[in-house]
Amino acid sequence: MDPVNVNYVQEALDAFTDKEVYIHLETTNGAYASHHNERFFSAGAYFRNAKITYERAKMTGAGPYRVGLKIPYGWVYAEGITHYEIDSKGRILLAGHDFDGKLAVALQISETPFE
Amino acid sequence: MEKERQVLVVFPHPDDEAFGVSGTIASHVNMGTPVTYACLTLGEMGRNMGNPPFANRETLPNIRKKELKEAARVLGISDLRMLGYRDKTVEFEDPNKLIAEITAMIDELNPSLVITFYPGYSVHPDHDATGAAVVSAIGKLPAAKRPKLHCVAFSNNCVDELGEADVVHDVSAVADKKFDAIKAHQSQTQLMMAGMAEGLKQQDPEVMARLNYERFWTYKY
Ligand SMILES: [Zn+2]
């Protein structure tokens, strides 16, 4: 993955506008966070292969970045995005890595289901 | 270490075998005992991607599969099985499905020793769910037919509640293989390896103890 280039990512997001796409959305502190620090409240969520259609998409912020996808009855949102990749299948892979390089958030968009 | 007829190791993640059990596995292999390692998932949800990231969510499973195969090769594991579950979802599966799969492996392999995580004392929900399924599978066997069950535990409260481990293996004779097995899981252990290599050079007692000794709690039904 490469550090976010807002123009490239925005262009890729725009290309999926009004198309039926599959989303992988995830946030995580890791399963060991509370083990290493018992005062740490570990929380996370993940949704793989939600099928949505968005009418607009926007990447904002000065880095780490935020991404919002406007869907008919609501929104999809991720913050803390640091890296991107458009992979060989044309999927948009966005991820936020923390100061140690560990994945903390992921938002991925694909025209076919993630395997 | 006692010579076993067959060892069956059941863990949910590639690299679960590396830290606490790889020396024990290598020692059994050295004695000529066949070792089967059943690994439930490919660690698809791992957080270590390299820094700068060389992996992403979609490439990580395949990278970890290769690392797992390499670790198995280094340790001399003759039978590596990947059961196709998904990382962080084991506890949500139908437990009877997993218990049945483990029972089938026990029937097929007739192990004299099974190694897994101690349910409730292994921190990651996948570890606890895997250990619980193995405990149930063996518990269903008539007492006389049960293989020995050695559990790995590392929650902060494990010694308080379980007492000290009753099985401690000195694996210093195969420390090099253990080191290589940990190194094989490069995507996950890259950061830690640097510290470990330095600790080895300095003969840091904590690092030496982690490498040279592996501890287990015998599960008592
Ligand atoms: Zn694990």
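- The name given to chain B in an unreviewed UniProt entry is Bacillithiol biosynthesis deacetylase BshB2, with Mesobacillus persicus as the source organism.
- Check the Cofactor (unreviewed entry) section of the UniProt entry for chain B; it says "Zn(2+)".

- An unreviewed UniProt entry lists chain A under the name DUF1806 family protein, with Mesobacillus persicus as the source organism.

### Re the overall build of chain B
And step 1. Per the secondary structure count, chain B includes 9 helices and 7 strands.
And step 2. For 221 residues, the compact-globule estimate of 2.2 N^0.38 gives 17 Å, and chain B sits close to it at 17 Å.
And step 3. Over its C-alpha atoms, taken along the principal directions, chain B stretches across nearly 50 × 40 × 35 Å.
And step 4. A burial count over chain B gives 55% of its 221 residues as buried.
And step 5. Across chain B, the fraction of contacts at a sequence separation of at least 24, relative to all contacts at a separation of at least 6, is 80%.
And step 6. Charge-centre separation for chain B: the mean point of 24 positive side chains lies 4 Å from the mean point of 30 negative side chains.

### Here we look at the pattern of salt bridges
And step 1. Counted by the stated rule, this structure contains 15 salt bridges over all chains.
And step 2. Residue Glu115 of chain A is joined to Lys89 of chain A by a salt bridge in which the shortest nitrogen-to-oxygen separation is 3.7 Å. Placement of Glu115 of chain A in the segment after β9 (103-110) and of Lys89 of chain A in the loop between β7 (83-86) and β8 (92-97) is noted, with a sequence separation of 26 residues between them. An identical accessibility class is assigned to Glu115 of chain A and Lys89 of chain A; each is exposed.
And step 3. Notably, a salt bridge pairs Asp79 of chain B with Arg81 of chain B, separated by 2.9 Å at the nearest N-O pair. With respect to burial, Asp79 of chain B and Arg81 of chain B carry one shared label: buried.
And step 4. Salt bridges sharing partners connect three or more residues here, namely Asp87, Lys89, Arg91 and Glu115 of chain A.

### Overview of the layout of surface pockets
And step 1. The space that makes up the largest pocket amounts to roughly 1400 Å³.
And step 2. In this structure, the largest pocket is lined by 48 residues; those nearest its centre are Tyr32 and His36 of chain A together with Phe19, Phe154 and Met192 of chain B.
And step 3. Elements with a contribution of two residues or more to the lining of the largest pocket: α2 (33-36) of chain A together with α1 (16-20), α8 (186-201), α9 (205-212) and β7 (213-218) of chain B.
And step 4. Sorting elements by how many residues they give to the lining of the largest pocket places α8 of chain B first, with 6 residues.
And step 5. For the lining of the largest pocket, a count of residues per class yields 17 nonpolar, 19 polar and 12 charged.
And step 6. Elements that contribute at least two residues to the lining of the second largest pocket include exactly β2 (20-27) and β3 (45-53) of chain A together with α5 (125-139) of chain B.
And step 7. Taken together, the residues of the lining of the second largest pocket sort by class into 7 nonpolar, 7 polar and 4 charged.

### Considerations on the nonpolar core
And step 1. Core analysis: the largest hydrophobic core is formed by 28 residues, its most contacted members being Leu8, Leu98, Ile102, Ile106, Val134 and Leu149 of chain B.
And step 2. Mapped by element, the contributors of at least two residues to this core are β1 (7-11), α4 (95-109), α5 and β5 (148-152) of chain B.
And step 3. The residues touching Leu98 of chain B, leaving out its near neighbours within four places in the chain, are Leu40, Tyr85, Val90, Ala129 and Ala133 of chain B.
And step 4. Counting residues in hydrophobic clusters, the runner-up holds 25 residues, among them Met59, Tyr65, Leu94 and Val105 of chain A.

### Observations concerning the sheet that holds β5 of chain B
Residue and element names in this part refer to chain B.
And step 1. The 7 strands are arranged β3-β2-β1-β4-β5-β7-β6 in an open sheet whose pairing can be described as mixed. Where the open sheet ends on each side, the last strands, each with one partner, are β3 (79-82) and β6 (167-170). When the angles between neighbouring strand axes are averaged without regard to direction, this sheet yields 25°.
And step 2. One ladder, built from 2 bridges, connects β5 with β7; its direction is antiparallel. Pairing of His150 across the sheet is with Thr218, part of β7.

About the criteria used
- Residues numbered from 1 in each chain as written.
- Chains lettered and ligands numbered in written order.
- Predicted model: local features only at pLDDT ≥ 70, side-chain atom pairs only at ≥ 80, totals over all residues.
- Heavy atoms only, no water.
- UniProt positions renumbered as here; feature names shortened; annotations may be inferred.
- Helix = DSSP H or I, 4+ residues; strand = E, 2+ residues; numbered from the N terminus.
- Rg over C-alpha atoms; globule rule 2.2 N^0.38 Å.
- Buried < 20%, exposed > 50% of the residue type's maximum accessible area, 1.4 Å probe, protein only.
- Contact = heavy atoms within 4.5 Å.
- Lys, Arg positive; Asp, Glu negative; His and termini not counted.
- Charge placed at Lys NZ, Arg CZ, Asp CG, Glu CD.
- Salt bridge = Lys/Arg side-chain N within 4 Å of Asp/Glu carboxyl O.
- 1 Å grid on protein atoms, 1.4 Å probe; cavity = no way out; pocket = protein on both sides within 12 Å on 5 of 7 lines; lining within 4 Å.
- Points joined across faces, edges and corners; volume = space filled by probe spheres on them.
- Nonpolar A, V, L, I, M, F, W, Y, C, P; charged D, E, K, R; others polar.
- Core = buried A, V, L, I, M, F, W, Y, C linked by side-chain atoms within 4.5 Å.
- Pairing = 2+ DSSP bridges.
- Axes fitted to C-alpha atoms, helices over the stretch in contact; angles between N-to-C directions.

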